[in-house]
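The lines below spell out each chain.
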Amino acid sequence: MAKNEACNSCIKTSIGGQAVIEGIMMRGPKKTALSVRLSDGTISTEEWATPNQKAWYKKVPFVRGVFNFVDTLKEGYSCLTKSAQLTMDDEEPSEFEKKMRKKLGDKYNTIFEIITFTIAAMIAIGLFVFLPTLTVKLIQPMIHNTVALTAIESVVKVVLFLLYLLFVSNLSDIHRVFQYHGAEHKTIFCYEHGEELTVENVRKYTRFHPRCGTSFLVIVLLLSIFVFSFVSWGNVWVRILLKLICLPLIMSIAYECIKFAGRHDNAFTRILSAPGLWTQRLTTREPDDEMIEVAIEAMKRVIPENAEDAKW
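By convention here, each chain's residues receive numbers from 1 onward along its written sequence. The predicted nature of this model means local features are confined to residues of pLDDT at least 70 and side-chain atom pairs, given and counted, to a pLDDT of 80 or more, with totals for whole chains, interfaces and linings taken over all residues. Hydrogens and water are ignored here; the side-chain numbers use all heavy atoms of the structure.

*Asks:* Even after reading the chapter, I still don't get the sheet that holds strand β3 (residues 31-37), so can you show me in this structure?
*Replies:* The strands that make up a sheet are held in pairs by hydrogen bonds between backbone atoms, and each pair lies either parallel or antiparallel. Reading across from one edge, β1-β2-β3-β4 is the order of the four strands in this open sheet, with antiparallel pairing throughout. Of all the strands in the sheet, the pair left with one neighbour each is β1 (16-20) and β4 (43-49). For this sheet, the mean angle separating the axes of adjacent strands, direction not counted, is 15 degrees. In this structure, strand β2 (residues 23-27) lies alongside β3, joined through five bridges in antiparallel fashion. Bridging across to β3, Arg-27 finds its partner in Thr-32. Throughout, a residue-residue contact means that at least one pair of heavy atoms, one from each residue, lies within 4.5 Å. Lines are fitted to the C-alpha atoms to define the axes, a helix being fitted only along its stretch in contact, and any angle between axes, read from their N-to-C directions, falls within 0 to 180 degrees. Think of it this way: any DSSP run of H or I at least four residues long counts as a helix, any run of E at least two long counts as a strand, and we number them from the N terminus. Sheet contacts for helix α1 (residues 64-87): β1, β2, β3 and β4; angle to β3, the most-contacted strand, approximately 30 degrees. Contacts from helix α10 (residues 289-302) reach β2, β3 and β4, with the element oriented near 160 degrees to β3. The criterion for strand pairing is that DSSP finds at least two bridges linking the strands in question.

Here you go:
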């Protein structure tokens, strides 16, 4: 049974991570590491200095959330691309890729990341901002109560979000990424409980962690439902525009919620964390021992010499 009980001697660490293709990125206060299981069974690990977080806009509450979120997305997406390249080194690139690499040279990877990130962002905004509102617009002539319209839009948004996660979690490649996600959480829990980072020790911990990107997204979703309940349905395109304008504010509030939940353990924070933990049943899976080995390798590289530096 997974171990997740409270522990008086435990710490809450600022070390966090992200599952990538056949690997894990761990980000510590001083160093960041990317460990990937290669096709020959070995583990490739790269490490670099964690970007400076001392800029004022990365420290001021209700301002830092957006900037830290953007930084996390950029670094996470870069690591995802790098892991894909490492695991596909043995595969012959397509003729189109060969031509593009020849034409663009060193700029190929950067341009590829920008294009794919832009497409992913457009799909996300289309699915979770435009589609729910435009769906409700179809029935607006039959329902004139704004509270009812907002409630229906909220249900559509939540259903779309859960269906999307359910769909991708059943794709074989994504399923393995979600297994690595579970390995990441288990390894962080093991470190927080002060145990030696071994496969046996890590395996016994739960894969559900309150300080997770999934929890952040769920809080963003729930906050957006609350905030947008005050936005008029008079003009659906104005409503969509206001939703886009309000999104940075909602992300900032969600970030502070995650920070608060990470530092405290009480009835309020447990309620706050509960929806995200439930959703992690879709975004994490139980890892195998080889995946845990990769997570341990990445984790060991980012633990600072002074343990106090890694406390949340």
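*Asks:* Would you explain the pattern of salt bridges in this entry?
*Replies:* Pairs may arise between side chains of opposite charge once their charged atoms sit close together. The term salt bridge refers to a pairing of a side-chain nitrogen on Lys or Arg with a carboxyl oxygen on Asp or Glu at a separation within 4 Å. A complete count under the given rule lists 18 salt bridges for this structure. The shortest N-O distance in the salt bridge between Lys-243 and Glu-153 comes to 2.8 Å. Of this pair, Lys-243 sits in helix α8 (residues 236-263) while Glu-153 sits in helix α4 (residues 146-169), and the two are 90 residues apart along the sequence. Exposure categories follow from relative accessible area, calculated using a 1.4 Å probe and restricted to protein chains: below 20% of the type maximum is buried, above 50% is exposed, and the middle band is partly exposed. When its relative accessible area of 2% is taken as the criterion, Glu-153 is described as buried. Beyond isolated ion pairs, a larger network of salt bridges with shared partners links Lys-31, Glu-47, Glu-297 and Arg-301.

*Asks:* Explain unusual backbone geometry to me, please; I cannot follow it from the model alone.
*Replies:* The bulk of non-glycine residues show a negative phi, and the bulk of peptide bonds are trans. One non-glycine residue, Glu-22, adopts positive backbone phi at about 55 degrees. Position of Glu-22 relative to the elements: it lies in the loop between β1 and β2. At Phe-62, a residue that is not glycine, the phi angle is positive and equals roughly 70 degrees. Positionally, Phe-62 belongs in the loop between β4 and α1.

*Asks:* Sorry, what's going on with the pairing of β4 here?
*Replies:* Walk down a regular strand and you will see the side chains alternate between the two sheet faces. Pairing of β3 with β4, which is carried by seven bridges, proceeds in the antiparallel orientation. Along β4, the bridge assignment pairs Ala-33 with Glu-47. Counted between consecutive antiparallel strands, the loop separating β3 from β4 contains five residues, among which Gly-41 sits at a positive phi close to 95 degrees.

*Asks:* Would you explain the side chain of Thr-133 in this entry?
*Replies:* When you line up the elements, Thr-133 lands in helix α3 (residues 108-139). Within 3.5 Å is the distance limit for a polar contact, defined as a pair of N or O atoms, with the added protein rule that one can donate a hydrogen and the other accept it, and that residues adjacent in sequence qualify only through two side-chain atoms. Polar side-chain contacts of Thr-133 include one of 2.6 Å to the side chain of Glu-153. Among all residues touching Thr-133, those that are not within four sequence positions of it are Glu-153, Trp-233, Val-236, Arg-239, Ile-240 and Lys-243.

*Asks:* Any chance you could explain the packing of aromatic side chains here in plain terms?
*Replies:* The geometry of an aromatic ring pair is captured by the separation of the ring centres together with the interplanar angle, meaning the angle of the planes. Pairing of aromatic rings covers Phe, Tyr and Trp, the last through its six-membered ring, and needs centres within 6.5 Å; plane angles under 30 degrees mean stacked, over 60 mean edge-to-face, and all others mean tilted. With the rule as written, the count across this model stands at seven aromatic pairs. Both rings, one in Trp-56 and one in Tyr-57, keep their centres 5.8 Å apart while their planes meet at 85 degrees; by these two values the pair is edge-to-face. Since its relative accessible area comes to 58%, Trp-56 is described here as exposed. For Tyr-57, a relative accessible area of 31% translates into the label partly exposed. Taking 5.3 Å as the distance between ring centres and 85 degrees as the angle between the ring planes, the aromatic pair formed by Phe-226 and Phe-230 counts as edge-to-face. Since its relative accessible area comes to 51%, Phe-226 is described here as exposed. Residue classification places Phe-230 among the exposed residues on the basis of a relative accessible area of 64%. Taken together, the ring pairs connect Trp-56, Tyr-57 and Phe-67 into an aromatic cluster. For a lysine, the NZ atom is tested; for an arginine, the CZ atom; a charge sits over a ring if that atom is within 6 Å of the ring centre and within 35 degrees of the ring normal. When the ring centre of Trp-48 is taken as reference, the NZ or CZ atom of Lys-82 above it lies at 5.0 Å.

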